[in-house]
Amino acid sequence: MEETLFLKREEVKDINNYDFPALKKALKMKQEDVIVEVKRSTLKGRGGAGFPTGLKWELAFKEAADKKYLICNGDEGEPGTFKDRYLLEESPLKVLEGILIAAYAIGADEGYIYIRGEYAKPIRVFSRVIEEAREKGILGENIFGSGFNFDLYLVKGAGAYVCGDETSLINSIEGKRGRSRIKPPYPVEKGLFDKPTVVNNVETLASAAEIINQGADRYLSLGTEKSRGTKLVCLSGDIRNPGIYELEFGQATLREIIDDFGGGLKNGSGLKFVVPGGISTSILLEDELDIPYTYEDLDAAGSSLGSGAVIVVGEDHDLIDLMLNVSRFFMDETCGTCFPCREGNRQIYHMLKWKKNGFTAKERQLIKDIGKTIHLAARCGLGQTSLNFISSVLDKFEDELMVRGDINVEG
Amino acid sequence: MLKVNIDGQNLEVAEGTTILEAAKKAHIKIPTLCYEEGLSIYGGCRLCVVEVEGENLLQPACATEIRDGMIVRTHSPKVREVRKTLFELIIASHDISCELNCLTCSRNGSCELRKVAEDIGITEIRLSPINKGYGEDKSSYAIMREPNKCITCGRCIRKCEEVQGIGIFTMANRGPATIVTTFGDKGMGNVECTNCGQCIHACPTGALHEVYHYESVWDVLHDESKHVVVQTAPAVRVAISEAFGDEPGTIATGQMVAALRRLGFDKVFDTNFSADLTIMEEGTELIQRIKEGGTLPLFTSCSPGWIKFIEHFYPEFLPHLSSCKSPQQMFGAIAKSYYAEKNNIPREDLVVVSVMPCTAKKFEAKRPEMDGDVDYVLTTRELAGMIKAAGIDMVNLEEEEYDRIMGTSTGAADIFGATGGVMEAALRTAYELITGKELEKLDFYDVRGMTGIKETEVEIDGLTVRAAVAHGLGNVRKLMEMIKAGKEYHFVELMACPGGCIGGGGQPIPTTDEIRQKRIDSIYQIDKNKKLRKSHENPYIKKLYDEYLGEPGSHRAHELLHTHYTARGV
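In this text the structure is predicted, and so the values were computed from the model without any measurement.

Asker: Any details on the interface of chain A and chain B? Residues and values, ideally.
Answerer: Taken together, the 34 residues of chain A in the interface contact 35 residues of chain B. Between chain A and chain B, the buried area comes to about 3000 Å², and carbon and sulfur atoms account for 60% of it. Its largest share of buried area at the contact with chain B, chain A owes to Phe-339, Arg-346 and Leu-376 of chain A, together 23% of the area lost on that side. Across the chain A-chain B interface, the total number found is 3 salt bridges. Taken together, chain A and chain B are joined by 16 residue pairs in polar contact (both at pLDDT 80 or more). Only helix 12 (319-333), helix 13 (339-353) and helix 14 (361-377) of chain A provide two or more residues apiece to the side of chain A that touches chain B. Classifying every residue of the side of chain A that touches chain B gives 13 nonpolar, 11 polar and 10 charged.

So, in structure tokens, the structure goes:
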């Protein structure tokens, strides 16, 4: 099976060799028409939450304000996800183009690209892109003679996973503690420095540029009815060929992605389970993999496409080790604001840490209760999804993880 | 108006009403911890989550505004189950164990966690407590922090920043390591803390409390070689009985005096006496500054929270501060000179204890420029604790009178306890001293009440005296900025705590706006019922000047009753 090259189709890194076709096209269109085109494409946000991009732009466009901001979210923190890094390194000009188009559409004259601090190379590459674009007048005043003014600043993240959440990211840019804001108001109404702000993921913006460039019709011809276009899939784990693959939605099943693109499991290991959308999504078992890779099919299977990270786990791993690893991540990364997420993840970690013999029924119930509480009551998406992995492992490997009747363990 | 159905009750609310506010209207109590009326919404504790029809996830009632047609369930099985688990998590993080014991906590009678536990019907805690292992912050003379008890609800942070306009606290770290701390973890004693203690009122747990002096006071009371005198601030008498279950605003002056005698104090005196003295000195200073073209406006200097505030944030205005010591310190200075000499008590055997509604008074007593005037400062709460510990049924005691002569005062001194009171007391005296005529209307209503900044103008001998009053450091800062921008006054009263001393950081918990108002009403009631309502009419103040000080502003008065300040900056 071959990749479907929509985003990866042309990778130009030298600004002198790039013509910004989509941007030039957009600047000749009315702002509203750019928004209509993106809305028509049904592009959904690629950061994980899947909010319709065109609608977001339209909401921000309709806000009356003396100032608006466009933010490109490159704080790619979901473990197993590395598509934005790939785009920033390999297609930075397309990302810049997407930023400029979005800014033009919503009426922003200033913007930020927020890149996670650990991404040394993307930061280097994009800093240079910004510098060169300023020199060439692609950033600044009267871009391509259109009368559109826009400047862009790069902000480095400081290592907090929560800053991938758009309101936390906005706080971070403002120099505040990285934690989510209470919504409403949504960023499109009151975002950065209290001005209407659109926050879009790197892949979303690059896709938007290609949608303008190749047209919404081309985009609509790809994928399924509910999942249009393509997706950069980050394939990792115990497979032979990890990497970034661009796939048309519905083109392949999860199993085909693993076997055809990933080359199957390495070292001849058997498959234990797959994390289909990053570690904040629920796992799928071997017998659940024959589903097309689309938003709707993964939802129907009780999981989510998330950020596009497909992590394949072979059978040699210890389940408690894996849960402990994920739990440690969420415990360390909760921002500390809301009690269920902060205390719940801490308690789960402590419970897992000393477990080698399996769980008692009482502990099982407690973990279920905490998981439910975090999911229902946490303040932001980080907390709400933080127990998906652990809960699904416990559900799906219950027999393996529970204390057997003949072993007497206190609890 | 928006229609909403909460737990089957239909009601209409104005746009912008939150679910929490609407529920209150429907007489439904939703538990909260991080929410406090008057502070910004934090949305952290999540105890107030409710079910909203059409939403998969629960919504925080404090942060969710009513939408038209909303159907809300505040205590559905799902909500109650989540709340219980949530509360288990909170309790585990609060580390109630042998080391952290409710019985020994400063808030054993006023803990909000206990109230929430009762309200949501907690019957078991399945999680073991987590010992966070943080050290205590003992850097301040006034306030102590016990971070192991902190649940990081952020109310102290918001109170300090939003009401008091300072912001010494912040959240640091991430995840479960998140803590409330001061800049650079330097400790409350090493940052711009004014010691006002409003954070203590904001705290739902015992993570913040005053630095205790009561143990030392017990020691001196039991030491036969010591002569121990006590002074009580005006605001204490209208609040202390709340600690014994009385209605807010109950006046318990006589019972408190009786209890203090039973505790073993050799003399029970009144800070009101030195409040009258303060008016004589400060009034004289005002008249002098007006007549001789001194620095104006003159700022009052009774509130030690305000003093530390101006030293940090407006040091360039220090020449405006009255050089008068506060009534607490004037009392100490007179006790250790005049009183000691008159009664032949060696200075080293005389112990002065004060009972204050205030935490900053503990810091004030330790200021090097007046060190030794006052030995120990008890808050209203600490005194209530001592009275209980001695088994004294205070509220049922026969009323007793203060000892003479430092226990006699006028109504002008009583009103020091309420915002605007010092101003009013000073105006009563200044008017009569300047004009030589009797003031007809003693009540200056313009400067009374809970409005943040109050102004008045008084005609005195052809001069229109312009006066302003601010209480709560947030309002104080606003007034200071107005003055900085050119607003002109002759005399300005500034108090660190909302409502003045009756709302001090050492007062019984809870101290809410409603309770503040009741205490204020009682203060003015006491004033109204007094025969003497002007400081210069206090016969024993006259006697003190005749026998010892000479006249207001004399050399001796300056030595004993006046002080200087330190530009601290930020």
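Asker: Tell me about the sheet that holds strand 1 (residues 2-6) of chain B, and name the residues and values.
Answerer: All names here are of chain B. Here 5 strands make up an open sheet; going across it, the order is 2-1-5-3-4 and the pairing mixed. A single partner strand is all that each edge strand has here, and the edge strands are strand 2 (9-13) and strand 4 (59-60). Here strand 3 (residues 49-52) runs beside strand 4; their pairing, made up of 2 bridges, is antiparallel. Looking at strand 4, one finds that Val-50 is bridged to Gln-59.

Asker: Before we move on, could you go through the sheet that holds strand 1 (residues 69-74) of chain A and cite the residues and values that matter?
Answerer: Residues and elements named next belong to chain A. With respect to topology, 4 strands assemble into an open sheet ordered 3-2-1-4, the strand pairing being parallel. Since the sheet does not close on itself, it has two edges, and those belong to strand 3 (151-156) and strand 4 (197-201), each with one partner. For this sheet the average axis-to-axis angle between neighbouring strands, irrespective of direction, equals 20 degrees. As defined by bridge partners, strand 1 adjoins strand 4 across 5 bridges and the pair is classed as parallel. In the sheet register, Ile-71 faces strand 4, and the bridge partner there is Val-199. Along the sheet, helix 8 (residues 202-214) contacts strand 1 and strand 4; its crossing angle with strand 4, the most-contacted strand, is approximately 90 degrees.

Asker: Which residues make up the domain arrangement of chain B, and what are the values?
Answerer: All names here are of chain B. Along its sequence, chain B is carved into domain 1 (2-75), domain 2 (143-214) and domain 3 (215-561). The distance between the C-alpha centroids of domain 2 and domain 3 comes to 27 Å. Each partner contributes to the interface: domain 2 provides 20 residues, whereas domain 3 provides 37 residues. The contact between domain 2 and domain 3 buries some 2100 Å² in all, and 53% of this surface belongs to carbon and sulfur atoms. Sorting the residues of domain 2 by area buried against domain 3 places His-201, His-213 and Tyr-214 first, and these three jointly supply 37% of that buried surface.

Cut-offs and rules
Along each chain, residues carry numbers from 1 onward, in the same order as the chain's sequence is written. Lettering for chains starts from A, numbering for ligands starts from 1, and both go in the order in which the items are written. Residue-level local features of this predicted model are given only where pLDDT is at least 70; pairs of side-chain atoms are given and counted only at 80 or more, and the full residue set underlies all totals for whole chains, interfaces and linings. No hydrogens and no water enter the side-chain calculation; it runs on all heavy atoms of the structure. By definition in these notes, contact holds between two residues if any of their heavy atoms fall within 4.5 Å. Two parts placed together each lose some accessible area under a 1.4 Å probe, and the buried area is that loss summed for both. Here, a salt bridge means any Lys or Arg side-chain nitrogen found within 4 Å of an Asp or Glu carboxyl oxygen. We call two N or O atoms a polar contact when they sit within 3.5 Å, provided that within protein one can donate a hydrogen and the other can accept it, with sequence-adjacent residues counted only if both atoms are side-chain atoms. Per the convention used, a helix needs a DSSP run of H or I reaching at least four residues, while a strand needs a run of E reaching at least two, with both numbered from the N terminus. Each residue receives one of three labels: charged for Asp, Glu, Lys and Arg, nonpolar for Ala, Val, Leu, Ile, Met, Phe, Trp, Tyr, Cys and Pro, and polar for the others, Gly being one of them. Two strands make a pair as long as DSSP finds a minimum of two bridges between them. Axis definition: a line fitted to C-alpha atoms, over the contacting stretch in the case of helices. Angles run 0 to 180 degrees between N-to-C directions. Marked domain ranges trace back to an automatic or database domain assignment.

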